[in-house]
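Listed here are the chains, written in short residue letters.
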Protein chains: 2
Amino acid sequence: MEFCATLPLSQLPYVYPSTLSSNKAYPFWSCKRRISSRPTRLHCSKMFVPGFGEASPEAKAAENLHNFFTFVAVKIVAAQLESYNHEAYEELMEFLSRHSLNDGDKFCATMFRESSRHKNLALRIMEVRSAYCKNDFEWDNMKRLAFKMVTESNTRLMTEYVLETSHVETEK
Amino acid sequence: MEFCATLPLSQLPYVYPSTLSSNKAYPFWSCKRRISSRPTRLHCSKMFVPGFGEASPEAKAAENLHNFFTFVAVKIVAAQLESYNHEAYEELMEFLSRHSLNDGDKFCATMFRESSRHKNLALRIMEVRSAYCKNDFEWDNMKRLAFKMVTESNTRLMTEYVLETSHVETEK
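Residues numbered from 1 in each chain as written. Chains lettered and ligands numbered in written order. Predicted model: local features only at pLDDT ≥ 70, side-chain atom pairs only at ≥ 80, totals over all residues. Heavy atoms only, no water.

As named in an unreviewed UniProt entry, chain A is Chaperonin-like RBCX protein 1, chloroplastic, taken from Glycine max.

Structure below.
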């Protein structure tokens, strides 16, 4: 069994909201956090991000990370079980084949109610995701990597385009 | 047109790797970062996370945030254009109806090559995603929300289960 290596893509959660609030003509470079009782425009330098309703992009990102941590916790627990409790490992794999990991909380709630052995597995996954989120996950590293990624991607995209077009110009 | 409010779900990127490296029997509670030239076990208190190959969960999370920032940048630019340049807005919507936002970089690269007007749109989206990532996105807020979410979800799941089972016990 190669679960940890091959969690099917269909098991994996989506990143972004499926329903977004209505999109009216919002002011240019307006503030993300508006207070409805104050009609005056807020002096905020942040760009307005439409479509997240009452939530925020940060809340949406946190929600997706929360599902990601459940996914990681399942992988951690499965790897641990495989090495010393193969019966529990098989049970986890069998449960995974029947239930989606798209929604981490729903996955844990269903596992809780499957049997007493599954309940213990679910408790362990919940404990691991909390410990992973609070102690192991390197938040600053993720931020650093995201900064690097956006700078490098933008440079690469522009360089590739310039090289392509100058190549075409040279050939003409 | 309600683009910002209705980016179709199929447009939205996945969170996690579709292919993961093979899953061997790894040591229990071993370290996430292993140095192949040192066969001795590292004294690291972190849980081992299998299945990310040469990458790390932080890199995977950063990659997904990178796609999320492109998605947010498209929404920001669309909202701005809708209020003062409807022609460009319609062009962006039309392009979005034909191209997936699953991979932010691929989306920008394709837009770059569509026409000179699309190239300007792509440059703007790239500029906005960089500015959003580096200046506007509240990283600490996301971390705080994720901490809160994991604690509250675990408590809620256990409370719900206890209430359900004690209710069944009372009925008996």
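1. Describing the overall build of chain A
Helix and strand content of chain A: 5 helices and 0 strands. The order of helices and strands in chain A, counted from the N terminus, is α-α-α-α-α. For chain A, the residues scored as buried account for 50% of the 172 residues in total. Taking the intrachain contacts of chain A between residues at least 6 apart in sequence as the baseline, contacts between residues at least 24 apart amount to 58%. Surface exposure of chain A reaches about 8500 Å², of which carbon and sulfur atoms provide 54%. (Helix = DSSP H or I, 4+ residues; strand = E, 2+ residues; numbered from the N terminus. Buried < 20%, exposed > 50% of the residue type's maximum accessible area, 1.4 Å probe, protein only. Contact = heavy atoms within 4.5 Å. Areas by Shrake-Rupley, 256 points an atom, 1.4 Å probe, with all protein chains shown as cover.)

2. Here we look at the pattern of salt bridges
This structure, assessed with the given rule, holds 20 salt bridges over all chains. Across the salt bridge formed by Glu138(A) and Lys46(B), the nearest N and O atoms sit 2.8 Å from each other. Taken together, the positions of Glu138(A) in the loop between α4 (116-136) and α5 (139-171) and Lys46(B) in the segment before α1 (57-84) put the pair across two chains. Where Asp105(B) meets Arg129(B), a salt bridge forms, and the shortest distance between an N and an O atom there is 3.0 Å. (Salt bridge = Lys/Arg side-chain N within 4 Å of Asp/Glu carboxyl O.)

3. Comments concerning the packing of helix α2 (residues 86-98) of chain A against α4(A)
Residue and element names in this part refer to chain A. At a closest axis distance of 11 Å, the pairing of α2 and α4 adopts a crossing angle of 85°. By the angle class used here, α2 and α4 are roughly perpendicular. From α2, Ala88, Glu91, Leu92 and Phe95 reach across to α4, where they touch Arg117, His118, Leu121 and Ile125. A per-class count over the contact of α2 with α4 returns 5 nonpolar, 1 polar and 2 charged. (Axes fitted to C-alpha atoms, helices over the stretch in contact; angles between N-to-C directions. Parallel < 35°, antiparallel > 145°, perpendicular 65-115°, else oblique. Nonpolar A, V, L, I, M, F, W, Y, C, P; charged D, E, K, R; others polar.)

4. Here we look at the domain arrangement of chain A
Residue and element names in this part refer to chain A. What the domain assignment lists for chain A is domain 1 (61-136) and domain 2 (137-171). For domain 1 and domain 2, the distance between their C-alpha centres works out to 36 Å. Counting from both sides, the interface comprises 7 residues of domain 1 and, opposite them, 4 residues of domain 2. Taking both partners together, domain 1 and domain 2 bury about 430 Å²; carbon and sulfur atoms supply 65% of that area. Seen at the junction of domain 1 and domain 2, the total is 0 salt bridges. (Domains from an automatic or database assignment. Buried area = accessible area lost by both parts, 1.4 Å probe.)

5. So, the packing of aromatic side chains
Residues and elements named next belong to chain B. Applying the stated rule across the entire model yields 20 aromatic pairs over all chains. Centroid distance Phe68 to Phe69: 6.3 Å. Interplanar angle 45°. Geometry classified as tilted. Owing to a relative accessible area of 1%, Phe69 belongs among the buried residues under this scheme. Relative to Trp139, the ring of Phe137 has its centre 5.0 Å away and its plane inclined at 85°; by these criteria the two rings are edge-to-face. (Phe/Tyr/Trp six-rings, centres within 6.5 Å; stacked < 30°, edge-to-face > 60°.)

6. Focus on the environment of Asn102(A)
Among the structural elements, Asn102(A) can be located in the loop between α2 and α3 (104-112). Separated by 34 residues in sequence, Asn102(A) and Phe68(A) have C-alpha atoms that sit 9.0 Å apart.

7. Comments concerning the nonpolar core
Core analysis: the largest hydrophobic core is formed by 87 residues, its most contacted members being Leu92(A), Met142(A), Leu92(B) and Met142(B). Those residues in contact with Leu92(B), other than ones at most four positions away along the chain, are Val74(B), Val77(B), Ala78(B), Leu81(B), Met111(B), Leu121(B) and Ile125(B). (Core = buried A, V, L, I, M, F, W, Y, C linked by side-chain atoms within 4.5 Å.)

8. A closer look at helix α2 (residues 86-98) of chain B
With 13 residues, α2(B) extends 19 Å between its outermost C-alpha atoms, agreeing within 8% with the 18 Å of an ideal straight helix rising 1.5 Å per residue. Those residues of α2(B) that sit buried are Ala88(B), Tyr89(B), Glu91(B), Leu92(B), Met93(B), Phe95(B) and Leu96(B). (Expected span 1.5 Å × (residues − 1).)

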